[in-house]
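Chain and residue survey
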Number of protein chains: 2
Amino acid sequence: MVVALQLSTVAGRPALAQRKQQPLKARRGLVVRNQATAAAAPPATGAIKGTKEDELAINAIRFLSIDGVNKANSGHPGLPMGCAPMSYVLWKEFMTVDPKAPKWFNRDRFVLSAGHGSMLNYSLLHLMGYSSVQIEDLKQFRQWGSKTPGHPENFLTEGVEVTTGPLGQGIANAVGLAAAEAHLAARFNKPDAKLVDHFTYVIMGDGCNMEGISSEAASLAGHWGLGKLIALYDDNRISIDGHTDISFTEDVCARYEAMGWHVQHVADGNHDLEGIRKALETAKSVTDKPSLIKVSTLIGYGSPNKADTHDVHGAPLGASETAATREQLNWPYAEFEVPQEAYAEFAKGAERGAEARKQWEEVRAAYAEKYPEEYAEFESIVTGKLPENWAEKLPKFTSEDKGLATRLHSQTMLNALAPNLPGLIGGSADLAPSNMTLMKMFGDFQKGSYAERNLRFGVREHAMGAIANGISLHSPGFVPYCATFFIFTDYMRNPMRMAALSEAGVLFVMTHDSIGLGEDGPTHQPVEHLTSFRIMPNMLTMRPGDGNETAGCYYAAVLNSNAQNAKGIKRPSTLVFSRQGMPNMDTTSIEGTLKGAYVVHGGEGTPDVILIGTGSELCMAVDAAKKLEGEGKKVRVVSMPCWELFEEQDEAYRNSVLPPEVTARVSVEAGSTFGWEKWVGSKGKSIGINEFGASAPGPLLYEKYGITVDAVVDAAKQSMAA
Amino acid sequence: MVVALQLSTVAGRPALAQRKQQPLKARRGLVVRNQATAAAAPPATGAIKGTKEDELAINAIRFLSIDGVNKANSGHPGLPMGCAPMSYVLWKEFMTVDPKAPKWFNRDRFVLSAGHGSMLNYSLLHLMGYSSVQIEDLKQFRQWGSKTPGHPENFLTEGVEVTTGPLGQGIANAVGLAAAEAHLAARFNKPDAKLVDHFTYVIMGDGCNMEGISSEAASLAGHWGLGKLIALYDDNRISIDGHTDISFTEDVCARYEAMGWHVQHVADGNHDLEGIRKALETAKSVTDKPSLIKVSTLIGYGSPNKADTHDVHGAPLGASETAATREQLNWPYAEFEVPQEAYAEFAKGAERGAEARKQWEEVRAAYAEKYPEEYAEFESIVTGKLPENWAEKLPKFTSEDKGLATRLHSQTMLNALAPNLPGLIGGSADLAPSNMTLMKMFGDFQKGSYAERNLRFGVREHAMGAIANGISLHSPGFVPYCATFFIFTDYMRNPMRMAALSEAGVLFVMTHDSIGLGEDGPTHQPVEHLTSFRIMPNMLTMRPGDGNETAGCYYAAVLNSNAQNAKGIKRPSTLVFSRQGMPNMDTTSIEGTLKGAYVVHGGEGTPDVILIGTGSELCMAVDAAKKLEGEGKKVRVVSMPCWELFEEQDEAYRNSVLPPEVTARVSVEAGSTFGWEKWVGSKGKSIGINEFGASAPGPLLYEKYGITVDAVVDAAKQSMAA
C-alpha cells in the first residue's frame, strides 16, 4: 500500500477538475500539449545512465528499426526508438532464452503487445543471435515472403511467440502464457525438480491499455495472482490521433492496482537503465501478483524534430530526419550496420540463456528418470504427441439412447477426453452451467490450485479467447477450450480469427446455437453466425446433429488442434451446440463426421431429391424424407456437420454424397441461408432464417419462422418440380 | 479524495494475499463463500428503512417480477428482487419522465444494462403508469408478439430506451445518451433557457463490470467528465458460475475512481432507502464527473432458500419458493395483483414528471420564439426531419477528376454533409488521420467543448459502437458515425449487430478494406468481413467504387439512418472504403448506387458475359471488359456497391441489370468469394481471396493472390465456355 501511495504521487496526473479548459487549437482538433502533463514527460536528450556499450546496444535497436522502416518505406519507428532502453535491459539481463534453441520449453516468453512496433522485436531477435532474423531479413521488412512481416507473426518467425497487431490481444495472450506456466509448474514441479519455471514479459502501449480486452485480461491475471507475468507499459502518451490527452486521461497505474497488480513507475525510460533494472528485479520478487511497470518514454526518442509526436508513430523517418537523428544520437554507422560492441552486449544475454538451458536439461534428465509417469505426461504436453488412447473413451450412441441437447453431449465428450488428454484445459465465460463445460474430475484453476484444469474466465469473452490462444501457443500439447453462448462470439471474434491465423488449436465451444434457445430473444439468438465462421480462413466450423456427431466433432477438433490434417498446421474449431434436445440416430458416426458430410439416410441408388441438414435440423430432414417417401419419392438425407472438412474430401467422395445429376436439393438449418447455393445449386431451396429472431418458446419460433418438416417437404417438391 | 478514502475502507475487500486458500469444495467447482467477503453482504432480512407504502411499492416490483417469470417459466427473478429498493427510489424520486409522453425529449433516460433483469424494467414501467406495459403485458412475458420480451427491446416497448442483454452494451449506450445530452445542452441552451437538461441513469451488475466494453466506456465517460451520467452498480456478488469470488475480485470502486468517476457505496441496498436517496442526491450534485454508486444487495432478496445464490439468477422461483417468499416478505396479494398504495407511490413520481414536462413545454415555446434559428436546428434533431437541402453539397465526379482512395472521398462526403445535417456527429477510434473522419469545420467534443462534433473515442472500438448506438437512440435526428479499420469490426461486432436489431441508424465508417492495405499484413487485412456484414439482418453493407458511388453510399446511409426506406425503420450502414486509390468513372452515379447494383458499361443489348465488380475492383472489371471487347466479345460491367439494396429492387429491374439468360458471369472483389454463387450462378466464376493475406505492398498482393485484370479475363472466357 505504501508503494501504491508513493506511486500515485510520482505518476499521478493532476485532478481532472484542476486541468485547464482546452485552448482553441485543441478544440479545433489540433494537438496542444497540456502543460501539466507535458511536465511528466522524460527529457528528450541526455546521456544514458550506463556504459558506452549499453548506449551502442540501445542505439543499435533504434537504428535497425529506423533503417528497416525506411527501407520498407512503411512501418512504425517510434515505438522501437522509445522502447529500446527497456527492451535492451530486459533482453540482455532478464530474458532467459537460448537463441540456438528458440523453442526450448523453459524459455521466458516475450510478447510485443503493441505489435505495430514489430521492428523492435525483429531487432532484438537479430541482436540476440536468432538465426531466424539475419540482417538480410531486416532488409526485407514488410516484403513478400519475408520473415519480418508488418506485425509479428509466430508462424513465420522463430522467436516470435504469438501474433500481435490488433491491440490488446498480446497482453491477453501473455496472461494465457503465464497461466499455462503456472499450471504446468503446479502440476509437474517437485520439491527436488523445478521443471517449469519461466517468466512472461510483455511490452504494451497506450493503445493496448485503452482496449477493453486488456482490462478483462488484467483483471483476471490479478485475480489469478500470476506473479510471473511482468508487463512493461510504454507510457509515451502518443497515439495515432495525437496526444493521449484527447481521449485517455485515466490513472492507468491506479486502475491496475485496483485489479490486484503490483505497480511501479520508471519516470525516465529514456535514460534510467538502473531504474528499469531495479523495477524488473522488484517485479520478479513479487510472486503473488502480476506486475505492471509503467516506463515513461518519448516516442521516436532521438529524432530531433519528430520525437514526442504522432508523426513518428506510423511513418518512416525519411532520409533527412534519419540523418538528424544519427547526429543527435551520435551514430556514425552505415544503414543496417551494427558495431560489434552492441552484438557483444546481447551475446551476454544469449550466453546466460544457453547456460540456463544447459542446467535445465540436467533437471529434465533427472526428472525423467525419477518421475517417469509424470514425465510422460509432461512430454506429451511439451511435444504435442497425443497419447495413443486419447480418444478411446468417446462414446457411441444408437437411436435407443435418449435424445439430448448437443451441449449435453459436449459435456460428455469433454469428460470422456479429459482423463486421456493431458493438455485439455478450459472453461467458460461465466456460463459453465449453461455451456456444460466443467470437467468433473478436476477442480478450478485458482490461486493456490493452479494444477487444476477448469478455468473460470468470468464474463470476459474477448480476453478468454486470447488467453486460450496464449495457452495453445505456450506448448504444442495443450488443447485449450473456451465457451460462451454462440451469439457472444461477437465479443471475441478477433481472438477467434487470430487463433485461425496464428495456428492456435483452440476449441471454441459455443452453445445455444439458434432461435431454438427461445425466450431469451433476438439479442441472444444467432442467425448469421454459422456463416460468419464458415467464411473465416483456417477455422473449422462444426455443428453436430446428435451424440455420435458430437463425438466426431470433438475427434476432428482435437486432431486439427494437433495439426493432424492435410495442411499439417494447427487449426482451431468452432463447435456449435444446441440448447434443446434432439434424437440420436443409428446412422450417424464419428467416421462420417470426419468427412464433413455423409449420407445418413437413403444411400442406395439415385434419389429424386437430396435433403441436407445440420445440427438440430438433421432430424427434421429425416422426418421430411420419411414423409416424402410415404408419397413414393426416393429421398436421400445428407448430414453436413462441417463444410470445410467436406470441401477437403476428393471429388469422387463429394460426388458420391451429392451426385451432380441430382439437382433437386433442399438444405435446412436454423440460421442464415446465405451461401447454401453452393450445395443446393440453382434449382435447390434453402430453409433457414434471414432475419432477427424473437422472444418466445423455441418450438414456436421454429413454426413462426417456417423451419418445419412441412416446409422442408414443400421445398423438396418445389425443387423436384424446378 | 476524502470520499474515495472513506469508501475504500467501507467497500474494501481484504487484500488478496490475506485471503485464505480455497477449501477443497471450491477447488472442485463448487461455490464456497469466502468468509471475509460474506461479511460484506447486506443482511438478508429486516425492515426497510421507510414507510409501509415504500415497502409495498418495493415488494410490488419484486412480485410482479416473480410472477412474470413464473408464468413464463423462464427468466431472471433474482436481479429485480435485489434491485427493487434502488430502482423504486430512483423512479419515484429522481427519474423525471412522463409516462403519458414516453418520448418527451427532455426525459431522463434509464438503461438496464443488466438486461436479463428485464422484468424489473417492465414492472417499473407498469407501476409508473406507462400504457405500453399493462398487467396483461406482464402476463405475456417472453411470449410471441408480446411487448415484454426476454430482454428489453426499445423497438417493441415504449419506455425502453435501448436494447440490452449482451452485457456491458447498456452502460456504453448510456455513455452515448449522456454524451448526446451534454452535446445538445452545450449547443442549444441559453442563459435564459435550459432546453436540454436531463440525467441518464443506469443499473449495471457484476457481469457488466467484468466486460471490457464497460471499462472502455467508463474510461471515456470519465475523460469526458459526463456529470449527468449516474450508474447504480448492483453489487450482489453472484453470477451464473456462482459467487464472483471465483473470477472477479478486483476493487471495482477503485477502478472507477482511477477512471475519473465519483464513487459512492451504499452498504445495505436491501433496506437503506435513505442511503440510496442521499447517494443519488450527491451524485446529481457532482457535475464534472460521472457517478458510480455501488449498491450492495442480495440477489433474490426475500427468497428464504434461494436468495444470495445463483439458483435465483436465471430460473423461476417456482411455486413453493414463491409461497415461501410471500410469507417472508409478508405479501398477501394474488399473482399479478398490485395494491393501490403501491401504484399511488409511483404515481407521485409520474406526477412530478408530468409537471416537469409542463414546465419544459413553456421553456420550449419561449425558446422557439426567441431563438427561431437555433430552434429549427434543435427541432430537426428532436424530430428527425432532415433539412431539405441536406444532400445538396454532395459532389459529382467525372473521369477527369483525379482518382482517389474512397476513404478520401468519404472525408469529402462527411465534410459536404456536416454543414447541412445538424445531427451529424462522430469520429474514429484513434484512427482519424487514417480513416479520414474529421469534420474540418468543427472542433473536438471534449470537457469544456461539448458543442463540438468530432468525437475522439481513443482505441476503444467496442465502446465506440455502443456509444454511437446510444447517441442515435437519444434523438431521431442524430446521424452518428464511427470509424476504424474494417478489420477491427471484429472488436465491435456486437454493437453493430445491436444497431441493426435496435434500429439505431449509425454509419459505421470502415476503411482499409482489403489486402489492398498492403504491408500491415494479415492481422490487418479483412478477407471475410464484407460477407460477414452482408449476412447480418437489417444492416446495409456498402462498398463504393469511386467518388460518385461514395456520395451515393452516404446518401443511402443517411436515408436509411433516417428510416427512409420501404420498411420504414432505421437501418445502420457499414460503409467500406479503400486505403488505396482508384479512378473516377463517368458512368457511376448516386442514383445507380441507391439501387444497389447497376450497369456502368455495356448496357445496350444482350452481352456475352457480365462482369460484376465492387469497390476498388470495379475498375478492374472495366479494364477486363475492354480487353475482352478487343477480342470481339460483348461485355457488360455491373457495379454492385450494395447487395441488400439491389435485393430490394423489383424483379424487372434486377433482371434488366442481370438478364437471367446471360449465365456467363464473373464477380471480382478483394474478399471472400463465399456467397457470390447467388449472383454469378452455377456457370459463373468468382475472383477473390479465400485465405489470409500477407505483409507486402498492396499491388503485389493483388498479383500474388490472383486478383488481376487477366484473371478476370480468363474467368470470363471459362464462364462463356461453360
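Let me sum up the structure you'll find in this document. (Residues numbered from 1 in each chain as written. Chains lettered and ligands numbered in written order. Predicted model: local features only at pLDDT ≥ 70, side-chain atom pairs only at ≥ 80, totals over all residues. Heavy atoms only, no water.)

With that settled, the discussion passes to the overall build of chain A. Check the secondary structure of chain A and you find 28 helices and 20 strands. At 28 Å, chain A has a C-alpha radius of gyration in line with the 27 Å of a compact globule built from 722 residues. The principal-axis extent of the C-alpha atoms belonging to chain A is close to 90 × 70 × 50 Å. Within chain A, the fraction of its 722 residues that count as buried is 68%. Across chain A, the fraction of contacts at a sequence separation of at least 24, relative to all contacts at a separation of at least 6, is 78%. Considering chain A, the positive charge centre built from 69 side chains and the negative charge centre built from 83 side chains are found 2 Å apart. (Helix = DSSP H or I, 4+ residues; strand = E, 2+ residues; numbered from the N terminus. Rg over C-alpha atoms; globule rule 2.2 N^0.38 Å. Buried < 20%, exposed > 50% of the residue type's maximum accessible area, 1.4 Å probe, protein only. Contact = heavy atoms within 4.5 Å. Lys, Arg positive; Asp, Glu negative; His and termini not counted. Charge placed at Lys NZ, Arg CZ, Asp CG, Glu CD.)

The next subject is the packing of aromatic side chains. For the structure shown, the criterion picks out 58 aromatic pairs over all chains. Ring centres of Phe105(A) and Phe378(A) lie 5.0 Å apart, and the angle between their planes is 85 degrees; on these two criteria the pair is classed as edge-to-face. Taken together, the residues Phe105(A) in the loop between helix 5 (78-94) and strand 1 (109-112) and Phe378(A) in helix 15 (residues 372-383) connect sequence positions 273 residues apart. The class of Phe378(A) is buried, set by a relative accessible area of 2%. A centroid spacing of 5.3 Å and a plane angle of 55 degrees characterise the contact between Phe646(B) and Trp679(B), whose relative ring orientation is tilted. Taken as a pair, Phe646(B) in helix 24 (residues 643-647) and Trp679(B) in helix 26 (residues 677-680) lie far apart in primary sequence, 33 residues in all. The burial state of Phe646(B) is the same as that of Trp679(B); both residues are buried. Put simply, the rings of Trp643(A), Phe646(A), Tyr653(A), Phe674(A), Trp676(A), Trp679(A), Trp643(B), Phe646(B), Tyr653(B), Phe674(B), Trp676(B) and Trp679(B) pair up and form one aromatic cluster. Lying over the aromatic face of Phe105(B), Arg109(B) brings its terminal NZ or CZ to 5.9 Å of the ring centre. (Phe/Tyr/Trp six-rings, centres within 6.5 Å; stacked < 30°, edge-to-face > 60°. Lys NZ or Arg CZ within 6 Å of the ring centre and 35° of its normal.)

Residue and element names in this part refer to chain B. With respect to topology, five strands assemble into an open sheet ordered 1-2-3-7-6, the strand pairing being parallel. At either margin of the open sheet sits one strand with a lone partner, and together these are strand 1 (109-112) and strand 6 (262-266). The average angle at which neighbouring strand axes cross in this sheet is 15 degrees, direction not considered. Here four bridges tie strand 1 to strand 2 (residues 200-205), and the two strands are oriented parallel to one another. Within strand 2, the residue paired with Phe-110 across the bridge is Tyr-201. Contacting strand 1, strand 2 and strand 3 (229-235), helix 8 (residues 169-188) runs over the sheet at an angle of about 165 degrees to strand 2. (Pairing = 2+ DSSP bridges. Axes fitted to C-alpha atoms, helices over the stretch in contact; angles between N-to-C directions.)

We now examine unusual backbone geometry. One non-glycine residue, Asn73(A), adopts positive backbone phi at about 55 degrees. The residue Asn73(A) is located in the loop between helix 4 (52-72) and helix 5 in this model.

This part takes up the side chain of Asp98(A). Residue and element names in this part refer to chain A. Mapped onto the secondary structure, Asp-98 falls in the loop between helix 5 and strand 1. Residue Asp-98 is classed as buried on the basis of its relative accessible area of 5%. Once residues within four sequence positions are removed from consideration, Asp-98 is found in contact with Trp-104, Gly-353, Ala-354 and Arg-357.

Leu611(A) and Leu611(B) are the most contacted members of the largest nonpolar core, which has 98 residues in total. In this structure Leu611(A) touches Ala621(A), Ala624(A), Ala625(A), Leu628(A), Val635(A), Arg636(A), Val637(A), Val638(A), Val666(A), Val712(A) and Ala716(A), once residues within four positions along its chain are discounted. (Core = buried A, V, L, I, M, F, W, Y, C linked by side-chain atoms within 4.5 Å.)

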